[in-house]
Amino acid sequence: MRNWPIERPYANDNPLYVNNTHSININPATYKEAFTGWTDEYTRVFKSNIYADYDFGFGLKARATYSYEYFNWIMECFEFTYPAYTYDRVAKTYNQVVGGGNLNPYRRTDRQHNETKYAQLQLNYNKKFGKHTIAATAAYDQTRMDLQFLRIHTIPPTNYIPIQNLVDQDELNNQWTMSARASYTGRLNYNFNEKYLLEAIGRYDGSYMYAKENRWGFFPGVLFGWRLSNEPFFKSLKGIFSELKLRGSWGQTGAESGVSAFGYLGGFNWSSGSYRFNGVTYTGIAPRGLPVTKLSWVTNTSTNIGIDFAIFNDKITGQFDVFRRKRTGIPAARYDVLIPSEVGYSLPNENLNSAENRGVEGMVTYRGKMGPVIFNIGVNTTLSRSKTLETYKPRFGNSWDEYRNSSQGRWDNINWGYHILGQFQSQEQIDDYPVNVDGSGNRTLLPGDLIYEDLNGDKIINTMDQKPIGYATGSNPYMSFGLNSQFNYKGIDLVLVFGGGTMQTWIYSNELKIPYGTNNGNSPQWLLGDRWHRADPYDNTSEWIPGYYPPTRKDFQTHSNFSRTNDFYRVNVSYLRLGSTEIGYNVSQKLLNRFKLGLTKARIYTNISNLFSIDNTLKFQVDPEVSSSSGLVYPQSRVFNFGFSLTF
Amino acid sequence: MKNILKFLIILIPLFFFSRCGDKLLDQPWSTTILLESQVWNDKAMITDLLANLYNRLPVHSQINSGETNYGCYDEGVNTGSQESSTDIANNNLTTYSYSRWTLWDYTYIRDLNQAIESIKKYSSKLTVKEKQQFSAELRFLRAYDYFEMVKRMGGVPIITTQLIYDFSGDPTYLRHARNTEEEVYDFIASELDAIKDSVGNISSGTPSKDRANKYSVLALKCRAMLYAGSIAKYNNLLATPITTPGKEVGLPAARSAGYYQASLNAAKEIINSGIYSLYNKNPNPGENFYEMIVKKAGNPEMIMTTDFLIPTRKHNWSYHEICRTMREDNLSSSAINPDLGLVEAFDYLDGTAGTLKGVGTGSNTAAGQTNWIFYDKPNDIFANKDARLYGTIVYPGTSFKGVDVEMQAGVYEWSASLNRYVRYESETFHSLYTDGKLLTGNGGPMRISQEVSNTGFYIKKFIDPATLSSARGVGTDIWWVRFRYGEILLNAAEAAFELGGANIPDALTYVNMVRQRAGFPANSLYTSTLTLAKLQSERRLELAYEDHRVWDLMRWRISHTVWNGSSATPSANQYALYPYRVIRPGHPNDGKYVFDRFLAPKFKAARFFQMGNYYSAISQSVLDNNPLIVKNPFH
């Protein structure tokens, strides 16, 4: 989008000479390996598992596991220098442009290796006494990881030699990080006659991230299940319900959130800033702030109630769940203690805030048969939102501040912005408009420009006029759904998997909002084509022709149309995508036998991922699952596979 | 029994495992953190700490940081920015925010106080002299930081010890009120006097250019006292002097002379030491002025610099600012363009005012062309100007780094029917007109395009002459000048002029030394032509792009009149000068060059400095955290 339509990639369209365009590094003519250079990336992984089992013979089994993983990653880049030309039409010569092309070569080698060592010792006990079944597990496991990274960066004097030399080196980057975690786990299961199920879990987790006295956390949990369909009183309903089960659980887990490794140490950070003293560069060391010693694990408490069922001879099966996940102990600073700024440090974080996620999800599957067609269709859906419960002693300057900035007891991801009432239809309307829309007495406005809602009636548009204008942007849709189906007809099978979402907002901006972009580039046709404009672009007295978008302006990104997040450029995205589909044919046994090729099985198939989506972002030529507001990212690709498999 | 034994066999190792969790978690150590015990008795590590602290001295507009600020005053406009979505990049800065220059740098002060106290307490293996020297150097940095704060904020709390919170829940005992502006300037002076002789960093008579020593201490004092002197004088000459009841801002007029004297004394101590002199190695005064900054070896002018070294410590000033024509990268260049106002501020060497002659209005009408002088060569219009123009700015008709700058905005072709010249321009580099000759040059200027001059000029100061220094990957290691002899002479001249009387001859000597180096004849200023306005102009020209202009105007209390926000005031607006080739076959003017002057096309809002900008706003969180802090006026 940053290329101009008036510029050609090659000078005089001669592919031997790259044209010196206004911004050559986006000239597509340079996107060739022989021209601009190359990047190669290699990943190598070695993984091994060793384990030993021992059976004590009375229901107790032991297993010891050790696993070792080595991950190695290498990246090699070489950016070449290349010239750029202009074509002299009169003299018919190609002139190399001084300072054109690329004179900024580099050669970079990155190496990284990770070593992960994992050990586990586990005891399992399983025993059945009549109708009682008991299972118990105790385990200890530990992980230790080392990561080392090395970058060597040189400025090569030629495009032809990829070997790096010390005299050309301008950067060396070395990193080495380590981590370690350990945990003790215990689990007890009790099952009475496959009717009542009970489970208790406990974890004791330790992490290197926290100071010694706070590094361990205990996280218990319980689960129960009641299979109603196995009860004697349920017999009368057996005709309808082949299975009905109630489930419930409560459990805690720990999360290492809002903590940085070794935050509990004071001292100095190595290699922070540098300075040259008497000809020598010295690596700086930076004093660290106050150590974070009071921080420990964030606790996730999940509560869940669910039901599983199967009806009409298992034709319809399904499950419904209501869940809530509460996070407590989210790190924050105790800010009611007002430390004067002049002390030069701020108070370290402690586990103070809390938040939660709530939602429901369900799934129903139908298995059926229509003549020779056997099929099953399943639908599922999830609705989930997160909410902040408590923040540490919130403080607000005034009620507006609280309205605007409080998160206490509120759903997260409030999407603040301005509401657009409409567009100015004429210069007279702008002249008579009582509200200062653009902050400059409406002097910058033209017909077609956006009319902002003056929410508080003070005749000027500013941050006080913002309100929630949509769902969360850039995160998962609040509601997502899926549809899985399979069909079978005489050896031909078809699988369709749909996925979709709704209750999600996308606000387009940058290149998709501002004509000629933020990069002095081009704009999409839909933005320029349907806009307010003068009948004659060379005559500033000619009449205005209405369009959908405001009139274009170049180099005026701060104009009121563009500078404020508003709902004119808002799309509440909904989509249903055929995520993957496969159609195949299994050659019948009869046919295979006839050809006597020794084949026992033969199948041909084709599968396609992302065949189409039904959505409301088609107009913007943007994939509905793209969260980038400029749309300048790769969308999901569509992949076609054709294949066959033969079994002898 | 056998089963129980087996059970024990497996339980015993499990018991050992239960001990190993903590041991494992102790194992990882940070590969990037040094503990206090590893630093205070190791001179190499204390030096590394100093490297961090020197590197963190506050910056406003500097070649390696804050470059866009040069396009916010009257030294240029922003044009080459890739990310052009801000008001600064778009030259649409309708006012200066009250917090534009806010600095409340107490993390730095805390780190310095901690280091000063720790060296005293823990550095038992260092000699008394070494401890004294490190501590003096840290106090220099602290005084430097307080000067940076006082020149922006007025009086700030003077904190000289670590403030340690006891986690009792009641931090009121940590609150300190603002000191008066006078107390802060006096604190700076007394600190610098105290450390002057113990700070060291002079080896066999040669002071370090990087680390604090007697002369950089004197240079800082010279500048700080000049600021104090002029604020004490000119703040009180305002119709309503800016002050607060508690004197947190504003200095008493009575102190003015004392401060000027302290500044002059410090300057004289540097001048009379004989260690420094003006750089004067190239007989061509224009080239000499350019070399004065970029030639590092044996440079007698520099008192304190921030040095760089390729490849370990480099910056991208050349990449950002180099003239488009000789850029060596396919991105950037030409980010800040000098404006015509600065170019015209350079006088002619005969002493006449520097206004360029024979310039059109750019209106593309017959009336706009009546003033034209037809020049044979594009650089003829700049002939006989103060040589510092050539050393500071790249202008049409010259070459730089061995390349002709090729600056031409377009052509004016004679139209017999209209009886005037008609203008043609393009936005294409090195485009040719229908006559087969140049239409628009590789160096612009262009009205719309980015990464090319918008004003008709480019910055030359601090640009590295080395090959490939304007390529991103290579970079430049031209040093940043903190204090140089030229500034000290101008400080001395101003202080002496303000003191008046018997000091006037000194003022003339010092300012004429600087002017003579710029190509003026000896004694070009004399008693009757020496004015404050002349000294103000000298500072603007000599110290352009060295981060003086905005602070100088503030201390003279003229920012609000120079940058009054009016589109009718030339000093508040930024102008361009576009060169054109004349086409009129058969006429004597054919092939000559004419110039048009107009508002820089990308310049959108006049500079507007308000009274509330003289002292910057203290942020709300600072006020919330300490009720003893009072606000600055107008906020």
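Residues numbered from 1 in each chain as written. Chains lettered and ligands numbered in written order. Predicted model: local features only at pLDDT ≥ 70, side-chain atom pairs only at ≥ 80, totals over all residues. Heavy atoms only, no water.

**Student:** A description of the interface of chain A and chain B should follow, citing residues and the corresponding values.
**Tutor:** Tallying the contact residues gives 87 residues for chain A and 99 residues for chain B. Here chain A meets chain B over a buried area of about 8100 Å², counting both sides, of which 59% is carbon and sulfur. Across the contact surface, chain A and chain B share 5 salt bridges. Arg215(A) is the salt-bridge partner of Asp22(B), the closest N and O atoms lying 2.6 Å from each other. Joining chain A to chain B, the criterion identifies 25 residue pairs in polar contact (both at pLDDT 80 or more). For the side of chain A that touches chain B, the secondary-structure elements that each account for two or more residues are strand S2 (60-79), strand S3 (85-88), strand S5 (106-129), strand S6 (132-154), strand S7 (169-192), strand S8 (196-207), strand S11 (268-277) and strand S12 (280-287) of chain A. A per-class count over the side of chain A that touches chain B returns 42 nonpolar, 33 polar and 12 charged. Sheet analysis places S11(A) next to strand S1 (residues 33-34) of chain B, joined by 2 bridges and oriented antiparallel. (Contact = heavy atoms within 4.5 Å. Buried area = accessible area lost by both parts, 1.4 Å probe. Salt bridge = Lys/Arg side-chain N within 4 Å of Asp/Glu carboxyl O. Polar contact = N/O pair within 3.5 Å; in protein donor to acceptor, adjacent residues only side chain to side chain. Helix = DSSP H or I, 4+ residues; strand = E, 2+ residues; numbered from the N terminus. Nonpolar A, V, L, I, M, F, W, Y, C, P; charged D, E, K, R; others polar. Pairing = 2+ DSSP bridges.)

**Student:** Can you explain the packing of aromatic side chains? Please cite residues and give values.
**Tutor:** In the structure shown here, the tally under the stated rule is 81 aromatic pairs over all chains. An angle of 50 degrees between the planes, with centres 5.5 Å apart, marks the rings of Tyr96(B) and Trp101(B) as tilted. What makes Tyr96(B) buried here is its relative accessible area of 2%. When the ring of Tyr215(B) is compared with that of Tyr276(B), the centres are 5.8 Å apart and the planes differ by 70 degrees; the resulting orientation is edge-to-face. Of the two residues, Tyr215(B) is situated in helix H6 (residues 214-234) and Tyr276(B) in the loop between helix H7 (256-273) and helix H8 (285-294); the sequence distance between them amounts to 61 residues. Each of the two residues, Tyr215(B) as well as Tyr276(B), counts as buried. Counting every residue linked through ring pairs, the aromatic cluster contains Trp506(A), Tyr508(A), Trp526(A), Tyr548(A), Tyr549(A), Phe568(A), Tyr569(A) and Phe620(A). (Phe/Tyr/Trp six-rings, centres within 6.5 Å; stacked < 30°, edge-to-face > 60°. Buried < 20%, exposed > 50% of the residue type's maximum accessible area, 1.4 Å probe, protein only.)

**Student:** Tell me what's going on with the sheet that holds S1(B), and back it up with residues and numbers.
**Tutor:** One open sheet accounts for 3 strands, arranged S12(A)-S11(A)-S1(B); its pairing is antiparallel. Pairing within the sheet leaves two strands with one partner each, and these edge strands are S12 of chain A together with S1 of chain B. Relative to S12(A), S11(A) is paired through 7 bridges, and the arrangement is antiparallel. Across the sheet, the residue bridging to Trp270(A) is Ile285(A), located in S12(A). Together, S11 and S12 of chain A together with S1 of chain B form the strand contacts of helix H2 (residues 43-55) of chain B, whose direction differs from that of S12(A) by roughly 85 degrees. (Axes fitted to C-alpha atoms, helices over the stretch in contact; angles between N-to-C directions.)

**Student:** So what's going on with the sheet that holds strand S7 (residues 359-360) of chain B? Residues and values would help.
**Tutor:** Think of a sheet as strands paired side by side through backbone hydrogen bonds, with each pair either parallel or antiparallel. All names here are of chain B. Pairing is mixed in the open sheet, where 5 strands are placed in the order S7-S18-S17-S11-S12. Taken across any chain shown, the strands that pair with only one partner, and hence form the sheet edges, are S7 and strand S12 (420-425). Judged from the 6 bridges that link them, strand S11 (residues 410-415) and S12 form a sheet pairing that is antiparallel. Residue pairing for S12: Trp414 is matched across the bridge by Tyr421.

**Student:** Could you give me a rundown of the domain arrangement of chain A, with the residues and numbers involved?
**Tutor:** All names here are of chain A. Domain assignment breaks chain A into domain 1 (1-48 + 65-158), domain 2 (183-281 + 295-412) and domain 3 (417-476 + 495-647). If you average the C-alpha positions of domain 1 and of domain 3, the two centres end up 29 Å apart. If you look at the interface, domain 1 gives 6 residues, while domain 3 gives 8 residues. Each partner contributes to the roughly 580 Å² buried at the junction of domain 1 and domain 3, and carbon and sulfur atoms together form 62% of this total. For domain 1, the biggest contributors to the area lost against domain 3 are Met1, Arg2 and Trp4; these three give 82% of the whole. Where domain 1 meets domain 3, there are 0 salt bridges. (Domains from an automatic or database assignment.)

**Student:** Account for a nonpolar patch on the surface, with residues named and values stated.
**Tutor:** A cluster of nonpolar residues, Tyr489(A), Ile492(A), Ile583(A), Tyr585(A), Leu591(A), Phe595(A), Leu597(A), Ile604(A), Phe644(A), Leu646(A) and Phe648(A), forms a patch on the protein surface that exposes about 1100 Å² of accessible area. Relative accessible area serves as the criterion here: at 31%, Leu591(A) is assigned to the partly exposed category. (Patch = residues over 30% accessible without salt bridge, like charges linked within 9 Å, V, L, I, M, F, W, Y side chains within 5 Å. Areas by Shrake-Rupley, 256 points an atom, 1.4 Å probe, with all protein chains shown as cover.)

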